Amino acid sequence: MIAQELYDLLKTTFSDGILEAKLDGVIDPWVSVAPDRILDVARFLRDDERTQFDLLTLLSGVDMTKGTLAAVYHLYSMKRNHKIVLKTFVPETHPHVQSVASIWRTADWQEREAFDMYGMIFDGHPDLRRILMPDDWDGHPLRKDYQVPEFYNGMKVPY
Amino acid sequence: MGLLNQRFENGNVLLTSVDDVLAWGRLSSLWAMQFGLACCAIEMMATGASHYDLDRFGTFFRSSPRQADVMIVAGTVTLKMASRIKTLYDQMAEPRYVLSMGSCANCGGPYWEHGYHVLKGVDRVIPVDVYVPGCPPRPEALMEGLLKLKEKIRKERLILKQTA
Ligand code: SF4
């Protein structure tokens, strides 16, 4: 399926769960999904006979600036040989997204990374802890407004 | 012993000081602690492997800090790792030495400005004897660093305390 067909299929199936899309003029066409519908959309895309997205190649967090965070899902189907990108946008003040770790196991650690670096909360994640930074670290370092602390456990951090 | 053959015609005796013998013994078998942190560790492994053969200097890797004389800090010291390095250093028996290998361990390297997670120099948590510059240093540079450390040990006096 090409991106336009995938988008039409999603739009007819989920109507208001699908917010916007950019299908032309980009390398990876993307569809933006409401953060509280992403689990349904993911399950549909994996299980439906026409889509069969069996592989989540990448899940990343993004700081869109102006108080918005995003989770980006790069999906690929080994069986159908097609791909699509999903995005969910959430406000920094309420960064809750449904976890898709129950759909693709590989999402487990990648969601933990997005939590660690951007502070996104993945509801329903089996074990949402930091994965890279120390457990007692303050803040989420890849946020654009992040300030490096002067000291960490008595060690000076800046050069 | 080819070097020493036919040099001691007047009997089987060599005159030296206890300190010299001790220093010679210690510097000739500098056991290094077996751990690596980042890309520099790859170069350290190459130095230990057959082509550069660190063994011929009496240096090979031990997996326990209790058996190690020198800690080669090869790579990026993250803040998360820094406390572990301190613990490992404390576990080494004295006299112990630290060789900081590469820009990262020396001063933060490429992470000096934006590395929120990197300790800007391992000398902020443990004392360093020799700094080897480079990103990464070539095996020759690491060997040079070890030879420099040997020079330092050769001058140390354990029995005869230096008088000022
Ligand atoms: S100094 Fe360079 S080669 Fe060595 S660990 Fe740092 S980045 Fe890697």
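No experiment lies behind these values; they were computed from the predicted model shown.

(A) Layout of the overall build of chain A. Looking only at helices and strands, chain A has 3 helices and 9 strands in total. Order of helices (α) and strands (β) in chain A, N terminus to C terminus: α-β-β-α-β-β-β-β-α-β-β-β. Oriented by its inertia axes, the alpha-carbon framework of chain A measures out at about 55 × 30 × 25 Å. Among the 159 residues that make up chain A, the fraction classed as buried is 47%. The contacts in chain A between residues at least 6 apart in sequence include a share of 48% that link residues at least 24 apart. When the accessible surface of chain A is split by element, carbon and sulfur atoms take 52% of a total near 8,300 Å². For chain A, the distance from the average site of its 18 positive side-chain charges to the average site of its 25 negative ones is 3 Å.

(B) Molecular detail of the interface of chain B and chain A. Facing the 12 residues of chain B at the interface are 16 residues of chain A. Contact with chain A buries area across many residues of chain B, yet Leu79(B), Lys80(B) and Tyr116(B) alone supply 56% of it, more than any other trio. For the pair chain B and chain A, the interface holds 0 salt bridges. Taken together, the links from chain B to chain A amount to 4 residue pairs in polar contact (both at pLDDT 80 or more). Ranked by the residues each element gives to the side of chain B that touches chain A, the list is headed by helix α3 (residues 79–91) of chain B, at 3 residues. Classifying every residue of the side of chain B that touches chain A gives 8 nonpolar, 1 polar and 3 charged.

(C) Structural view of the packing of aromatic side chains. Under the defined criterion, the tally for this structure stands at 6 aromatic pairs over all chains. Aromatic pair Trp137(A) and Tyr152(A): ring centres 5.0 Å apart, planes at 45°, arrangement tilted. In this pair, Trp137(A) is assigned in the loop between β7 (121–123) and β8 (151–152) and Tyr152(A) in strand β8, connecting sequence segments 15 residues apart. Classification of Trp137(A) by relative accessible area gives buried; the value is 5%. Between Tyr146(A) and Tyr116(B), the aromatic rings sit 6.3 Å apart at their centres with planes inclined by 75°, giving edge-to-face as the arrangement.

(D) Geometry of the site of the ligand. Residues and elements named next belong to chain B. In the vicinity of the ligand, the contacting residues are Ala 38, Cys 39, Cys 40, Gly 75, Thr 76, Gly 102, Ser 103, Cys 104, Pro 110, Gly 134, Cys 135 and Pro 136. For the shell around the ligand, the elements supplying multiple residues, two or more each, are α2 (39–48) and α4 (102–107). The element best represented in the shell around the ligand is α4, accounting for 3 residues.

(E) Looking closely at the confidence of the model for chain B. Mean pLDDT over chain B stands at 90; residues scoring 70 or higher make up 92%. Model confidence for the complex: the whole-complex pTM is 0.83, and ipTM, which rates the interface, is 0.79.

(F) Looking closely at the nonpolar core. The biggest cluster of nonpolar side chains holds 62 residues, and the ones touching the most others in it are Tyr73(A) and Met71(B). In terms of nonpolar packing, the next biggest core, distinct from the first, is built from 21 residues, Leu27(B), Leu30(B), Val70(B) and Val132(B) among them.

(G) Spatial organisation of the packing of helix α1 (residues 18–28) of chain B against helix α5 (residues 139–154) of chain B. All names here are of chain B. The N-to-C vectors of α1 and α5 enclose an angle of 160°; their axes lie 9 Å apart at closest approach. By the criterion of interaxial angle, the relationship of α1 to α5 is roughly antiparallel. With respect to the hand of their crossing, α1 and α5 are arranged in right-handed fashion. For the pair formed by α1 and α5, the contact residues are Ala 23, Arg 26, Leu 27 and Ser 28 on the first element and Lys 150, Ile 153 and Arg 154 on the second.

(H) Up close: the pairing of strand β5 (residues 82–91) of chain A. Residue and element names in this part refer to chain A. Burial analysis of β5 places 7 of its 10 residues in the buried class, the great majority of the element. When strand β2 (residues 30–33) meets β5, the two strands line up parallel, connected through 3 bridges. Paired with Ser 32 across the bridge in β5 is Lys 87. Sheet analysis places strand β4 (residues 68–77) next to β5, joined by 10 bridges and oriented antiparallel. By the bridge assignment, His 74 is partnered in β5 with Val 85.

Conventions adopted
Numbering of residues starts from 1 in every chain and runs along the sequence as written. Whichever chain is written first becomes A and whichever ligand is written first becomes 1, with later ones labelled in order. This being a predicted model, a pLDDT of at least 70 is required before a residue's local features are given, and a value of 80 or more before pairs of side-chain atoms are given or counted; all residues contribute to the totals for chains, interfaces and linings. Hydrogens and water are ignored here; the side-chain numbers use all heavy atoms of the structure. For the purposes of this entry, the term helix denotes a DSSP run of H or I that reaches at least four residues, the term strand denotes a run of E that reaches at least two, and both are numbered from the N terminus. Per-residue accessibility, obtained with a 1.4 Å probe over protein chains only, is compared with the maximum for each type, and a residue is labelled buried under 20%, exposed over 50%, and partly exposed between these values. Contacts are residue-level and defined by heavy atoms, with any inter-residue pair within 4.5 Å sufficient. Per-residue accessibility takes into account occlusion by the displayed protein chains alone, with areas from the Shrake-Rupley method and a 1.4 Å probe. In this tally, Lys and Arg are treated as positive and Asp and Glu as negative; His is ignored, and so are the chain termini. All charge positions are set by atom: Lys at NZ, Arg at CZ, Asp at CG, Glu at CD. Accessible area that two parts lose when put together, with a 1.4 Å probe and added across both, is what the buried area reports. Here, a salt bridge means any side-chain nitrogen of Lys or Arg that lies within 4 Å of a carboxyl oxygen of Asp or Glu. Residues adjacent in sequence count toward polar contacts only when both atoms are side-chain atoms; beyond that, a polar contact is any pair of N or O atoms within 3.5 Å, and within protein one must be able to donate a hydrogen and the other to accept it. Throughout, the ten residues Ala, Val, Leu, Ile, Met, Phe, Trp, Tyr, Cys and Pro are labelled nonpolar, Asp, Glu, Lys and Arg are labelled charged, and all others, Gly among them, are labelled polar. Each pair of aromatic rings taken from Phe, Tyr and Trp, with Trp reduced to its six-membered ring, is defined by centres within 6.5 Å and is described as stacked if the planes are under 30 degrees apart, edge-to-face if over 60, and tilted in the remaining cases. A molecule or strand has a residue near it when one of that residue's heavy atoms lies within 4 Å. pLDDT expresses how confident the predictor is about each individual residue, on a scale running from 0 to 100. To qualify as a nonpolar core, a set must consist of buried Ala, Val, Leu, Ile, Met, Phe, Trp, Tyr and Cys residues joined through side-chain atoms within 4.5 Å. Lines are fitted to the C-alpha atoms to define the axes, a helix being fitted only along its stretch in contact, and any angle between axes, read from their N-to-C directions, falls within 0 to 180 degrees. Any angle between 65 and 115 degrees counts as roughly perpendicular, while under 35 counts as roughly parallel, over 145 as roughly antiparallel, and the rest as oblique. Rotating anticlockwise by less than a right angle from the far helix to the near helix defines a left-handed crossing, while the corresponding clockwise rotation defines a right-handed one. Strands qualify as paired when DSSP identifies two bridges or more between them.

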